[in-house]
Amino acid sequence: MKLRLPPLRTLIFFLVLLSLLASLIYLAVQLLLAPDSEALVQEGEKQKSDYVLMLVQCGLGVVVLFLPSMLEHRLRLDVPDAIEILYFLFLYAAIYLGEVRSFYYRIPNWDLILHAFSGLMLGALGFSVVNLLNRDREVRVALSPAFVALFAFLFASTVGVLWEIYEYCVDGLLQTNMQKFALESGAALTGREALADTMEDLILDCAGAALMSAAGYLSLKRGRPWLGKMAISVKREDPPKP
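Below is a summary of the structure that appears in this document. Counting starts from 1 at the beginning of each chain's written sequence and moves along it residue by residue. In keeping with the predicted nature of the model, local features appear solely for residues at pLDDT of at least 70, side-chain atom pairs appear and are counted solely at 80 or more, and the whole-chain, interface and lining totals rest on all residues. Side-chain measures here rest on the full set of heavy atoms in the structure, leaving out hydrogens and waters.

### Focus: the overall build of the protein chain
Here's step 1: Helix and strand counts for the protein chain stand at eight helices and two strands.
Here's step 2: Helix and strand definitions here come from DSSP, where helices need a minimum of 4 consecutive H or I residues and strands a minimum of 2 consecutive E residues; each element is numbered from the N-terminal end. Listing every helix and strand of the protein chain by position from the N terminus yields α-α-α-β-α-α-α-α-α-β.
Here's step 3: A total of 242 residues make up the protein chain; the buried ones form 37% of that total.
Here's step 4: In this analysis, two residues are considered to be in contact whenever any of their non-hydrogen atoms come within 4.5 Å of each other. Across the protein chain, every contact between residues at least 6 apart in sequence was considered, and the portion connecting residues at least 24 apart equals 70%.
Here's step 5: Under the convention used here, a 1.4 Å probe and the Shrake-Rupley method define accessible areas, while residue burial counts only the protein chains that appear. Carbon together with sulfur atoms contributes 66% to the accessible area of the protein chain, which is approximately 15400 Å² in total. Per-residue accessibility, obtained with a 1.4 Å probe over protein chains only, is compared with the maximum for each type, and a residue is labelled buried under 20%, exposed over 50%, and partly exposed between these values.

In structure tokens form, the structure reads like this:
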């Protein structure tokens, strides 16, 4: 009798979930043990605001980790396993590796790589949204490849802008450093350097979205919609039993 292993999607899902849950427990303990005064923090140690940021990110990560399954069950959408796996790996790289393991500071350009990747993913998601509209029987429209590509680009760019607004608001409310306006040591950056992280993130979001939009446009123009294999679709309803 052969042992049947769970699908790769399920394994990666639980890997990310357990990593985030374990991090939440660890960070909560570290937050309680961290000095109340920044003056008591030794060089190289994390401050309370650092643990608050990681707790917020891990908590948010646990919630959005279930987003694909929520869409599938509530809206009866079919999200391809490949898209879900890439989504889970992105959350793992951005939250667990980036924040908890400090890859944003340890690995050069880690943040930029993730933003470029997210631009590509969001561009593909934009194509999926248009694909759903095109297949909706109640929405009878024939969209040109140029409009589909433009919509995908604007969709991905808008999500990137909204993320930066979220980071700005969290930094202001919780005194965190999501926008990396300060060094890991806590020293605040000034002038152009303080804006560099936000602007580079937006530029790479737009670059990734533009690349995916151009690729999608060419595929539609040539009649080879390869993005269709990665597109979110509506689940077919089972025929009624006789």
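### A word on the packing of aromatic side chains
Here's step 1: Pairing of aromatic rings covers Phe, Tyr and the six-membered ring of Trp, with a centre-to-centre limit of 6.5 Å; geometry is then stacked below 30 degrees between planes, edge-to-face above 60, and tilted otherwise. In total, this model carries nine aromatic pairs according to the counting rule given.
Here's step 2: Three or more aromatic residues joined by ring pairs form one cluster here, namely Phe-13, Phe-14, Phe-66, Tyr-87 and Phe-88.

### So, the pattern of salt bridges
Here's step 1: Every case where a carboxyl oxygen of Asp or Glu lies within 4 Å of a side-chain nitrogen of Lys or Arg is listed as a salt bridge. In total, this model carries two salt bridges according to the counting rule given.
Here's step 2: Of the charged contacts, one joins Glu-84 and Arg-9 as a salt bridge, the two residues approaching to 2.8 Å between their closest N and O atoms. Within this pair, whereas Glu-84 is found in helix α4 (residues 81-100), its partner Arg-9 is found in helix α1 (residues 8-33), the two being separated by 75 residues in sequence.
Here's step 3: What makes Glu-84 buried here is its relative accessible area of 2%.
Here's step 4: A relative accessible area of 21% means that Arg-9 is categorised as partly exposed.
Here's step 5: The salt bridge involving Lys-180 is made with Glu-99; its shortest N-O contact spans 3.9 Å. A residue pair is termed long-range when its members are at least 10 positions apart, and Lys-180 in the loop between α7 (145-174) and α8 (192-221) and Glu-99 in helix α4 qualify at 81 residues. Judged on exposure class, the residue Lys-180 and its partner Glu-99 are both buried.

### Quick look at the nonpolar core
Here's step 1: Among the nonpolar cores identified, the biggest contains 27 residues, and Val-16, Leu-20, Leu-65, Phe-88 and Leu-114 are the most heavily contacted of them.
Here's step 2: Those elements giving two or more residues to this core turn out to be α1, α2 (48-65), α4 and α6 (110-135).
Here's step 3: At twelve residues, α4 tops the list of elements feeding residues into this core.
Here's step 4: Excluding anything up to four places from it in sequence, Phe-88 contacts Arg-9, Ile-12, Phe-13, Val-16, Leu-65 and Pro-68.
Here's step 5: What we call a nonpolar core is a set of buried Ala, Val, Leu, Ile, Met, Phe, Trp, Tyr and Cys residues that are connected through their side-chain atoms within 4.5 Å. Membership of the second largest hydrophobic core comes to five residues, among which are Phe-127, Val-130, Val-148 and Ala-149.

### Points about the side chain of Asp-205
Here's step 1: In this structure, Asp-205 sits in helix α8.
Here's step 2: Think of it this way: Lys and Arg go in the positive column, Asp and Glu in the negative one, and His and the chain ends go nowhere. Buried and unpaired, Asp-205 has Lys-180 as its nearest opposite-charge partner, separated by 13 Å.
Here's step 3: Polar contact is defined as a pair of N or O atoms within 3.5 Å, subject to the rule that within protein one atom must be able to donate a hydrogen and the other to accept it, and that residues adjacent in sequence are counted only when both atoms are side-chain atoms. At 3.3 Å, the side chain of Asp-205 and the side chain of Ser-118 are in polar contact.
Here's step 4: Contacts of Asp-205, omitting those with residues within four sequence positions, involve His-115, Ser-118, Gly-119 and Gly-160.

### Here we look at the packing of α2 against α7
Here's step 1: At a minimum axis separation of 11 Å, α2 and α7 run at an interaxial angle of 135 degrees. One element, α2, and the other, α7, form an angle in the oblique class. The two elements α2 and α7 meet at a crossing, and its hand is right-handed. Residues Val-52, Val-56, Gln-57 and Leu-60 of α2 lie in contact with α7, whose contacting residues are Trp-163, Tyr-166 and Leu-174.
Here's step 2: Each residue gets one of three labels, nonpolar for Ala, Val, Leu, Ile, Met, Phe, Trp, Tyr, Cys and Pro, charged for Asp, Glu, Lys and Arg, and polar for the others, Gly among them. Classifying every residue of the contact of α2 with α7 by side-chain character gives six nonpolar, one polar and no charged. To obtain each axis, a line is fitted to C-alpha atoms, and for helices this fit is confined to the stretch in contact; angles are then taken between N-to-C directions over 0 to 180 degrees. Geometric relationships in this document are graded by angle, where less than 35 degrees denotes roughly parallel, more than 145 denotes roughly antiparallel, 65 to 115 denotes roughly perpendicular, and other angles denote oblique. If you view the pair so one helix is near and one far, a crossing is left-handed when the near helix is turned anticlockwise from the far one by less than a right angle, and right-handed when it is turned clockwise.

### Some details on the layout of surface pockets
Here's step 1: Within this model, the largest pocket holds a volume of roughly 1200 Å³.
Here's step 2: Along the walls of the largest pocket sit 42 residues, with Tyr-87, Phe-90, Leu-91, Leu-122 and Val-159 positioned nearest its centre.
Here's step 3: At the level of elements, α2, α3 (67-74), α4, α6, α7 and α8 are the ones that each hand at least two residues to the lining of the largest pocket.
Here's step 4: Of the residues assigned to the lining of the largest pocket, the class counts are 28 nonpolar, six polar and eight charged. Cavity: a set of points on a 1 Å grid over the protein atoms alone where a 1.4 Å probe fits but cannot get out. Pocket: an open set with protein on both sides within 12 Å along at least five of seven lines, its lining residues, like those of a cavity, having an atom within 4 Å of a point. Grid points are joined across faces, edges and corners, and a volume is the space filled by probe spheres set on the points.

### Points about the side chain of Lys-180
Here's step 1: Its relative accessible area of 16% is what places Lys-180 among the buried residues.
Here's step 2: Setting aside chain neighbours within four positions, we find Lys-180 in contact with Glu-99, Tyr-104, Tyr-105, Leu-189 and Asp-197.

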